[in-house]
Amino acid sequence: MLKLWEYVDQEVVLTLINGNKVKGKVIDWTDDETSISGEQEISIGSHIYAKSDFKNIKLKHLTI
């Protein structure tokens with residue numbers, strides 16, 4: 001089971017189903033019982049992504 005709540009406040013790279021990548025900070029998470037889509041959702045910026053919208057999520061490694 002994917003634990004999307006563990007990505008809140010983390011910088012991630014999200015690979016969408018269409019192959020596009022979204023980079024940003026996960027600012028919120030919604031469980032499948034209270035989300036509009038009926039699935040777990042995460043918010044990056046002003047966009048909400050349901051679990052079925054993406055095929056991969058990885059932590060973004062910061063280079064100093």
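Just so you know, these numbers come straight off a predicted model, no measurement behind them.

Definitions and cut-offs
- Residues numbered from 1 in each chain as written.
- Predicted model: local features only at pLDDT ≥ 70, side-chain atom pairs only at ≥ 80, totals over all residues.
- Heavy atoms only, no water.
- Helix = DSSP H or I, 4+ residues; strand = E, 2+ residues; numbered from the N terminus.
- Polar contact = N/O pair within 3.5 Å; in protein donor to acceptor, adjacent residues only side chain to side chain.
- Contact = heavy atoms within 4.5 Å.
- Patch = residues over 30% accessible without salt bridge, like charges linked within 9 Å, V, L, I, M, F, W, Y side chains within 5 Å.
- Areas by Shrake-Rupley, 256 points an atom, 1.4 Å probe, with all protein chains shown as cover.
- Salt bridge = Lys/Arg side-chain N within 4 Å of Asp/Glu carboxyl O.
- Lys, Arg positive; Asp, Glu negative; His and termini not counted.
- Charge placed at Lys NZ, Arg CZ, Asp CG, Glu CD.

> Lay out the side chain of Ser 35 with the relevant residues and their values.
Turning to its location among the elements, Ser 35 is positioned in the loop between strand 2 (21–30) and strand 3 (41–44). Side-chain polar atoms of Ser 35 contact the backbone nitrogen of Gly 38, separated by 3.1 Å. Residues contacting Ser 35, with those up to four places away along its chain left out, are Thr 30 and Glu 41.

> Before we move on, can you summarise a positive patch on the surface with the specific residues and values?
A surface patch of like charges, here positive, comprises Lys 21, Lys 23, Lys 55, Lys 58 and Lys 60. Mapped onto the elements, Lys 21 comes out in strand 2.

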